[in-house]
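Per-entry structural report
Each chain, letter by letter, is given below.
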Amino acid sequence: MRQFYTSIQMLQFISEYNNNIGYLIGITEITNSDKNWSLMLYIGNGRLLSLYSKNDGINESAFEEILNMDNIYKEALKKKNWQSENVKEFDQFSENCFDFVCYEFNIIDISIEKKLDAKNLISTIKSNLSQIHQLEEGDVIIFERGFYTHHAILVDTSYMTVIHKWGEPEDSTSFGIASKSIIGIPTEKACVSEDFVIEVAGYRSLSKGNDIYDSRHEPKEKDEILKECRARLGEIGYSVLGDNCHHFVSKNRNGIARSPEIESVQDTLNFR
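Summarised in this report is the structure supplied together with it. None of the values given here were measured: they were computed from a predicted structure.

Most of strand E3 (residues 47–53) sits inside the fold, with 7 of its 7 residues counted as buried. Bridge analysis of strand E2 (residues 37–44) against E3 gives 6 bridges, and the strand direction is antiparallel. From the neighbouring strand, Ser-38 faces E3, where its bridge partner is Ser-53. The pairing of E3 with strand E4 (residues 57–58) spans 2 bridges and is classified as antiparallel. Within E4, the residue paired with Tyr-52 across the bridge is Ile-58. Connecting the antiparallel pair E3 and E4 is a turn made up of 3 residues.

In this section: empty space enclosed by the protein. Considering all chains together, one arrives at 3 cavities of 30 Å³ or more under this definition. If you go around the largest cavity, the residues you meet are Leu-24, Phe-105, Ile-125, Asn-128, Leu-129, Ile-132, Val-197, Ile-198, Ala-201, Gly-202 and Leu-206. When residues of the lining of the largest cavity are assigned to their parent elements, the largest contribution, 4 residues, is made by helix H5 (residues 118–132). Among the residues making up the lining of the largest cavity, the classes are represented as 9 nonpolar, 2 polar and no charged.

Examined against the element boundaries, Ser-123 turns out to sit in helix H5. Using a relative accessible area of 33% as the deciding quantity, one classes Ser-123 as partly exposed. In this structure the C-alpha to C-alpha distance between Ser-123 and Ser-205, which are 82 residues apart in sequence, comes to 9.9 Å.

Close contact between helix H2 (residues 60–67) and H5 brings their axes to 10 Å; oriented N to C, the two are set at 170°. Considering their axes alone, H2 and H5 lie roughly antiparallel with respect to each other. Considering the relative orientation of H2 and H5, their crossing is left-handed. Residues Glu-60, Phe-63, Ile-66 and Leu-67 of H2 form the contact with H5, whose own contacting residues are Lys-119, Ile-122, Ser-123, Ile-125, Lys-126 and Leu-129. Looking at the contact of H2 with H5 residue by residue, the classes come out as 6 nonpolar, 1 polar and 3 charged.

Size it by volume and the largest pocket reaches roughly 220 Å³. For the largest pocket, the lining is made up of 16 residues, of which Asn-36, Ser-38, Met-40, Ser-53 and Lys-88 are closest to its centre. At the level of secondary structure, the elements contributing two or more residues to the lining of the largest pocket comprise strand E1 (23–29), E2, E3 and E4. With 4 residues, E3 is the single largest residue contributor to the lining of the largest pocket.

If you walk through the whole model with that rule in mind, you get 9 aromatic pairs. Their ring planes at 40° and their centres at 5.8 Å tell us that Phe-90 and Phe-100 sit as a pair that is tilted. Taken together, the residues Phe-90 in the loop between strand E5 (87–89) and strand E6 (98–106) and Phe-100 in strand E6 connect sequence positions 10 residues apart. For the pair Phe-90 and Phe-100, one class covers both residues: buried. Their ring planes at 85° and their centres at 5.0 Å tell us that Phe-93 and Phe-98 sit as a pair that is edge-to-face. Judged on exposure class, the residue Phe-93 and its partner Phe-98 are both buried. Through successive ring pairs, a cluster of aromatic residues spans Tyr-42, Phe-90, Phe-93, Phe-98 and Phe-100. When the ring centre of Trp-82 is taken as origin, the NZ or CZ atom of Lys-80, which lies over that ring, is 5.2 Å away.

As a rule of thumb, soluble globular proteins bury nonpolar side chains together. Leu-24, Ile-25, Leu-39, Leu-77 and Ile-107 are the most contacted members of the largest nonpolar core, which totals 57 residues. Each residue touching Ile-107, except ones within four places of it in the same chain, is listed here: Gly-22, Leu-24, Leu-41, Ile-66, Leu-121, Ile-122 and Ile-125. Counting 11 residues, the second largest nonpolar core, distinct from the first, contains Val-140, Ile-153, Leu-226 and Val-249.

Criteria and cut-off values
- Residue positions within a chain follow its written sequence, with the count starting from 1.
- Selection of residues for local features in this predicted model requires a pLDDT of at least 70, selection of side-chain atom pairs for listing and counting requires 80 or more, and totals for whole chains, interfaces and linings are taken over all residues.
- Hydrogens are left out, water is left out, and the side-chain values use all remaining heavy atoms of the structure.
- Here the term buried applies to any residue with accessible area under 20% of the maximum for its type, exposed to any over 50%, and partly exposed to those in between, with areas from a 1.4 Å probe on protein chains only.
- In DSSP terms, a helix is any run of H or I states spanning at least four residues, a strand is any run of E spanning at least two, and both are numbered starting from the N terminus.
- Paired strands, as defined in this entry, are two strands with at least two bridges between them according to DSSP.
- A 1.4 Å probe that fits into a set of points on a 1 Å grid over the protein atoms alone but cannot get out defines a cavity; an open set with protein on both sides within 12 Å along at least five of seven lines defines a pocket, and lining residues are those with an atom within 4 Å of a point.
- Grid points are joined across faces, edges and corners, and a volume is the space filled by probe spheres set on the points.
- In this count, Pro and Cys sit with the nonpolar residues alongside Ala, Val, Leu, Ile, Met, Phe, Trp and Tyr, while Asp, Glu, Lys and Arg are called charged and the others, Gly among them, polar.
- Note on definitions: angles span 0 to 180 degrees between N-to-C directions of axes, and those axes are lines fitted to C-alpha atoms, for helices only across the stretch in contact.
- Working rule for angles: under 35 degrees goes down as roughly parallel, over 145 as roughly antiparallel, 65 to 115 as roughly perpendicular, anything else as oblique.
- Left-handed is the label given to a crossing in which the near helix is rotated counterclockwise from the far helix by less than a right angle, and right-handed is the label when the rotation is clockwise.
- In this analysis, two residues are considered to be in contact whenever any of their non-hydrogen atoms come within 4.5 Å of each other.
- Classification of ring pairs uses Phe, Tyr and Trp, with its six-membered ring standing for Trp, and accepts pairs whose centres are within 6.5 Å; under 30 degrees between planes counts as stacked, over 60 as edge-to-face, and the remaining range as tilted.
- Whether a charge lies above a ring is judged from NZ of Lys or CZ of Arg, which has to be within 6 Å of the ring centre and within 35 degrees of the ring normal.
- In these notes, a set of buried Ala, Val, Leu, Ile, Met, Phe, Trp, Tyr and Cys residues joined through side-chain atoms within 4.5 Å is what counts as a nonpolar core.

See below:
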């Protein structure tokens, strides 16, 4: 994962260019015992649109405002007269009380790069946040990838991170990948890492996936799941049939390495 910033560092970074409008910003209140995580959208002039907080859930009013815009582009986000209760200024945050991270996720740039409808993308983000709000540490997250799914384990709700087996193509760009996955990665490039849920999901949907694994084998205690996941950070190697992201999840959550998707295909083909 990339470094976290103080409020002053974050303001200097994000305000350097108007081009930074549209980035999603994660904020964690580090002095609070429950370390409340929030998701904001940078709308220019040192302002953040509050989309979600772990304590309060989805900000329906903010999503309604942005989804009711005629056209969503950077200058429109900057010039819109937002409701004051949905907007926060960077100077509202104490430098020593919050951790900031700017995700590799700009809703405007990704919409253009991937030829997506910005409103559909924002609706997907809202749906994902609704799913995230129901998750606990140790839960399985399923990330949609079109013709397959990527699985990971939520390990930290204070910074909303997962540990998973994944890799990033060498020729990818910040927006070109838009959702991190394992397909097409050389085995020597694939590894177990901790990453932000927002970046792993990208422009695609996510959901809770405990039942897929727990229907056959009881899950371990949460602390044991998290401990085993962290013990494998940095591990290199990948095999579609025997050591993919599903095997990683099932081994650490249930104690048995298996891939429900591979098993389903094998059953269909009577391969097993």
